[in-house]
Amino acid sequence: MPTFVDLLEYIGTFAFAISGIRLACQKDFDIFGAYVVGLATAIGGGTIRDLLLGTTPFWMLQSSYMIWSGIALLFVYLFRKHLIKLNNTFFIFDTIGLALFTVVGIEKTLNMSEDYPFWVAIIMGTITGAAGGVIRDIFINEIPLIFRKEIYALACIIGGVTYYISQLLFDNLIVVQIISSASIFLTRVIAVKYEIGLPHIKGEEHE
Amino acid sequence: MPTFVDLLEYIGTFAFAISGIRLACQKDFDIFGAYVVGLATAIGGGTIRDLLLGTTPFWMLQSSYMIWSGIALLFVYLFRKHLIKLNNTFFIFDTIGLALFTVVGIEKTLNMSEDYPFWVAIIMGTITGAAGGVIRDIFINEIPLIFRKEIYALACIIGGVTYYISQLLFDNLIVVQIISSASIFLTRVIAVKYEIGLPHIKGEEHE
Amino acid sequence: MPTFVDLLEYIGTFAFAISGIRLACQKDFDIFGAYVVGLATAIGGGTIRDLLLGTTPFWMLQSSYMIWSGIALLFVYLFRKHLIKLNNTFFIFDTIGLALFTVVGIEKTLNMSEDYPFWVAIIMGTITGAAGGVIRDIFINEIPLIFRKEIYALACIIGGVTYYISQLLFDNLIVVQIISSASIFLTRVIAVKYEIGLPHIKGEEHE
């Protein structure tokens, strides 16, 4: 039976895949292309993390990520006329995925035998959460959204720092996980609600 | 002396490299850029496969892939005015490459000590056959062709399933390889001849 | 205390990061996106090299690359109105980085236990020096500059061949490193000064 964390991970996978599939369909990809983009959005970040850590990519050990991406494809097909109304729900699911994937990435790094410093774990958490969206945007030939708009990857970094501080304060791993995930979730929700973005550097004449 | 399979692999490498070099030249790449795109088209899929499998990329152990990509560059330069007439030949070569690369990818995965399930081998075969073209299209800044048109990667998946079924039915590896390659080759040839493509999901208003 | 080679490596990292950050800012990336593009330009080549070699990416073992990319971001912010005047200085720094990264990549490959042939070391040196710029251009959604203009990656290859010849002639590693780096530096400086580029293959009608 899947645990509660498994369930959250399926929700995250589903939501990430949905975001890739929808963008691919808007670019007139066929269903195979849409599936690949959805899958890459869902598993791309964790795959890069695992390659950097020198370990077997997680999805090669368990077929559920392939399956949930397939369910996401079916879902987009069946409900294609109603998806816009669900945008808020997808946003919440996507942010749950972001929070959870980041914490998974941090802990996987800390559990490696190599004994990486904590800043490496924060970067791996951020890559786990945010790099799938970058791959998605490269596949659909757009400038990666997270580099231009919204606070997304920065929420992962804040979550990583929060994880580091919490584990110094609390002995209980579950408490640390909840605080860290919540900090990511809330950072992103608040940033989107109040339209808080990062500054841009301007002023240099273009060459 | 190279074996028959080696010869087929050189043909595939040559054809994949040609496709990358031609597209690069159309985008006004210089000869170095064209060579890199050709090489990446030819070896990109197998490189991603080997990184995912955690093994040394195949082309680092044998210089023939570099050399055949160089021959492809020379060929495009010498026959640039006559290449269009050869499009059908290139299509056949390219499809031989697709079929063979897929089977090579499946078998390499099955021969790893990790004992991956068969669906992983099918994915690795598909990546071996189809991912080089995705890298090519990212380099030339186009949306990957295989995500939008034609049955390409799906032929690899069909070939992988065919491989799985054949090996249950036949004891002879050569027979399994031939049936699987033929299924890929025929799927693609028939799909292109009869202009069979995959459906697209439409109907969602664009955001 | 950092050695002289460390200092050159920091200069190279700084210059590579600056080039990524400036291009990202021109594309209206936010400061996080600009930092990521700068970092990817600086460490991307070495990361691909280390993944291909099957070893832990160098920047995961030492935080200085993260820090120098951050200093580069601050530098671009503070001096954004004056950067164009510094273009010649950046060009020199960038070319120092190219030369040094290439030599580092060659030597790391030769020092691996796998005993790769020298042509693999030349390719790894070229990837170390030139692939960061390719990743940068993919992130900003442009066709990679080095595939179209200027002699860049070819300078790395020339430097690799020079390294090979020098080590046959000289017993002293420092001498070999200096001759090889100088050949890269001079090739690029001369190519840019005299606007020497590689030929393009034309003449095929576009499909």
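Before any of the text, the structure's been laid out above.
Residues numbered from 1 in each chain as written. Chains lettered and ligands numbered in written order. Predicted model: local features only at pLDDT ≥ 70, side-chain atom pairs only at ≥ 80, totals over all residues. Heavy atoms only, no water.

How big an interface is tends to be reported as the loss of accessible area on association of its parts. Listed by partner, the interface residues are 32 residues for chain B and 33 residues for chain A. Note on chain B versus chain A: buried area summed over both sides is about 2900 Å², and carbon and sulfur give 66% of it. Taken as a group, B:F147, B:I201 and B:E204 account for 27% of the area that chain B buries against chain A, more than any other trio of residues on that side. At the junction of chain B with chain A, the criterion picks out 0 salt bridges. Where chain B packs against chain A, one counts 7 residue pairs in polar contact (both at pLDDT 80 or more). Of all elements in the fold, only α2 (31-53), α5 (118-139) and α6 (153-169) of chain B reach the threshold of two or more residues within the side of chain B that touches chain A. Tallying contributions element by element places α5(B) first for the side of chain B that touches chain A, with 6 residues. Here the residues of the side of chain B that touches chain A are counted per class, giving 20 nonpolar, 4 polar and 8 charged. (Contact = heavy atoms within 4.5 Å. Buried area = accessible area lost by both parts, 1.4 Å probe. Salt bridge = Lys/Arg side-chain N within 4 Å of Asp/Glu carboxyl O. Polar contact = N/O pair within 3.5 Å; in protein donor to acceptor, adjacent residues only side chain to side chain. Helix = DSSP H or I, 4+ residues; strand = E, 2+ residues; numbered from the N terminus. Nonpolar A, V, L, I, M, F, W, Y, C, P; charged D, E, K, R; others polar.)

Glancing now at the relation of the copies chain B and chain A. Note on the identical chains: chain B maps onto chain A by a rotation of 120° and an axial translation of 0.0 Å, with an RMSD of 0.0 Å. Such a combination of turn and shift is consistent with a three-fold rotation axis. An asymmetric contact is evident, with only 9% of the interface residues of chain B recurring at the interface of chain A. (Least-squares fit on C-alpha atoms with pLDDT ≥ 70 in both.)

With that settled, the discussion passes to the interface of chain C and chain A. Taken together, the 33 residues of chain C in the interface contact 32 residues of chain A. Of the roughly 2900 Å² buried at the junction of chain C and chain A (both faces included), carbon and sulfur atoms supply 66%. Summed over the shared surface of chain C and chain A, the number is 0 salt bridges. The interface formed by chain C and chain A holds 6 residue pairs in polar contact (both at pLDDT 80 or more) in total. For the side of chain C that touches chain A, the secondary-structure elements that each account for two or more residues are α1 (4-26), α2 (31-53), α3 (64-78) and α5 (118-139) of chain C. Looking at the side of chain C that touches chain A element by element, the count peaks at 7 residues for α2(C). Considering only residue class, the side of chain C that touches chain A consists of 19 nonpolar, 8 polar and 6 charged.

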